[in-house]
Amino acid sequence: METQSLPSDFLPIIFQVIVALGFVVVTLIATHLLGPARKTKDKLSTFEAGIKVVGNARQPFSIKYFLVAILFVLFDVEVIFMYPWAVNFRELGWPGLIEMFVFMATLLLGFIYILKKKALDWN
């Protein structure tokens, strides 16, 4: 039996979104109007981890930083694919176990390739 959704079924969700957005807008306006606005030289200066700013922020830096960040995201997303497998481990049986070993082997080959290319070396 197929159930059919009516537009009225979505009213609680729409109401919740409106309340959430209204809360955000009211809070931002209230803090802007009610909060102190003391602008000093120290408050308007750039602050980064307690270190005084030296030089220009537009200086080029090594692309290795981005490479490591992208590799981290790549392997992190691939680990996310292991959670559904772990939840359904018993239902998948031996074929599921073999498929996960193939997936892990592919990850390991990618990691070995990264190590061979010295993508994680900072020197």
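Note that this is a predicted model, so its numbers are computed, not measured. By convention here, each chain's residues receive numbers from 1 onward along its written sequence. Two thresholds apply to this predicted model, a pLDDT of at least 70 for residue-level local features and 80 or more for giving and counting side-chain atom pairs, whereas whole-chain, interface and lining totals are computed over all residues. Neither water nor hydrogens contribute to the side-chain values; these are computed over all heavy atoms in the structure.

1. Details of the overall build of the protein chain
Turning to step 1, where the next piece is worked out: The way it works is that DSSP assigns letters per residue, a run of H or I at least four long becomes a helix, a run of E at least two long becomes a strand, and they are numbered from the N terminus. Within the protein chain one finds five helices and zero strands.
Turning to step 2, where the next piece is worked out: What you see in the protein chain, going N to C, is helices and strands ordered as α-α-α-α-α.
Turning to step 3, where the next piece is worked out: As a reference, a globule follows 2.2 Å times the number of residues to the power 0.38, and the radius of gyration itself is taken over C-alpha atoms. Relative to the globule expectation of 14 Å for 123 residues, the C-alpha radius of gyration of the protein chain, 26 Å, shows a markedly less compact shape.
Turning to step 4, where the next piece is worked out: If one aligns the C-alpha atoms of the protein chain with their principal axes, the spans along those axes are about 65 × 60 × 20 Å.
Turning to step 5, where the next piece is worked out: Only protein chains enter the area calculation, which uses a 1.4 Å probe; residues under 20% of their type maximum are buried, those over 50% are exposed, and those in between are partly exposed. Put simply, the protein chain has 123 residues, and 7% of those count as buried.
Turning to step 6, where the next piece is worked out: Put simply, 61% of the contacts in the protein chain that link residues at least 6 apart link residues at least 24 apart.
Turning to step 7, where the next piece is worked out: Here the accessible surface of atoms and residues is derived via Shrake-Rupley with a 1.4 Å probe, and residues count as covered only by protein chains that are part of the display. Here the protein chain has roughly 11,900 Å² of accessible surface; of this, 70% comes from carbon and sulfur atoms.
Turning to step 8, where the next piece is worked out: In the protein chain, 11 positive and 9 negative side-chain charges are present, and the distance between their average locations comes to 21 Å. Whether two residues are in contact is decided by their heavy atoms, any of which lying within 4.5 Å being enough. Only four residue types enter the tally: Lys and Arg on the positive side, Asp and Glu on the negative side, with His and both chain ends excluded. Charge positions come from single atoms, namely NZ of Lys, CZ of Arg, CG of Asp or CD of Glu.

2. Some thoughts on the packing of aromatic side chains
Turning to step 1, where the next piece is worked out: For Phe, Tyr and Trp, where Trp contributes only its six-membered ring, two rings pair if their centres lie within 6.5 Å, and the inter-plane angle classes them as stacked under 30 degrees, edge-to-face over 60, or tilted in between. Scanning the entire structure with this criterion turns up two aromatic pairs.
Turning to step 2, where the next piece is worked out: Between F75 and F111, the ring centres sit 6.0 Å apart and the planes meet at 85°, which makes this aromatic pair edge-to-face. Here F75 is found in helix α3 (residues 64–80), whereas its partner F111 is found in helix α5 (residues 89–116), with 36 residues between them in sequence.
Turning to step 3, where the next piece is worked out: Considering the side-chain rings of W85 and F89, the 5.3 Å spacing of their centres and the 80° angle between planes classify their relative orientation as edge-to-face.

3. Considering a nonpolar patch on the surface
Turning to step 1, where the next piece is worked out: There is a patch of nonpolar side chains on the surface, built from F10, L11, I13, I14, V17, I18 and L21 and spanning about 680 Å² of accessible area.
Turning to step 2, where the next piece is worked out: Here I13 shows up in helix α1 (residues 11–34). What goes into a patch is any residue over 30% in relative accessible area without a salt bridge, connected to like charges within 9 Å or, for nonpolar side chains (Val, Leu, Ile, Met, Phe, Trp, Tyr), within 5 Å. A carboxyl oxygen of Asp or Glu within 4 Å of a side-chain nitrogen of Lys or Arg is what we treat as a salt bridge.

4. Digging into the UniProt feature "transmembrane region" (unreviewed entry) in the protein chain
Turning to step 1, where the next piece is worked out: Feature annotation in UniProt assigns "transmembrane region" (unreviewed entry) to the following positions: residues 13–34, 65–86 and 92–115.
Turning to step 2, where the next piece is worked out: Taken as a whole, residues 13–34 contains 100% helix and 0% strand, while its terminal C-alpha atoms sit 31 Å from one another.
Turning to step 3, where the next piece is worked out: Note that residues 92–115 is 100% helix and 0% strand, and that its end C-alpha atoms are spaced 32 Å apart. UniProt positions are given in the numbering used here, feature names are shortened, and annotations may be inferred rather than shown by experiment.

5. Section: the packing of α3 against α5
Turning to step 1, where the next piece is worked out: Each axis is a line fitted through C-alpha atoms, and for a helix only the stretch in contact is used; angles between axes span 0 to 180 degrees, taken between their N-to-C directions. Where α3 contacts α5, the two axes come as close as 12 Å, and the packing angle between them is 170°. With respect to α5, the element α3 is oriented roughly antiparallel. Residues L71, F75 and E78 of α3 form the contact with α5, whose own contacting residues are F103, L107, G110, F111 and I114.
Turning to step 2, where the next piece is worked out: When the residues that make up the contact of α3 with α5 are grouped by side-chain class, the tally is six nonpolar, one polar and one charged. Throughout, the term roughly parallel applies to angles under 35 degrees, roughly antiparallel to angles over 145, roughly perpendicular to angles from 65 to 115, and oblique to all others. As a working rule, the residues Ala, Val, Leu, Ile, Met, Phe, Trp, Tyr, Cys and Pro are called nonpolar, Asp, Glu, Lys and Arg charged, and the rest polar, with Gly in that last group.

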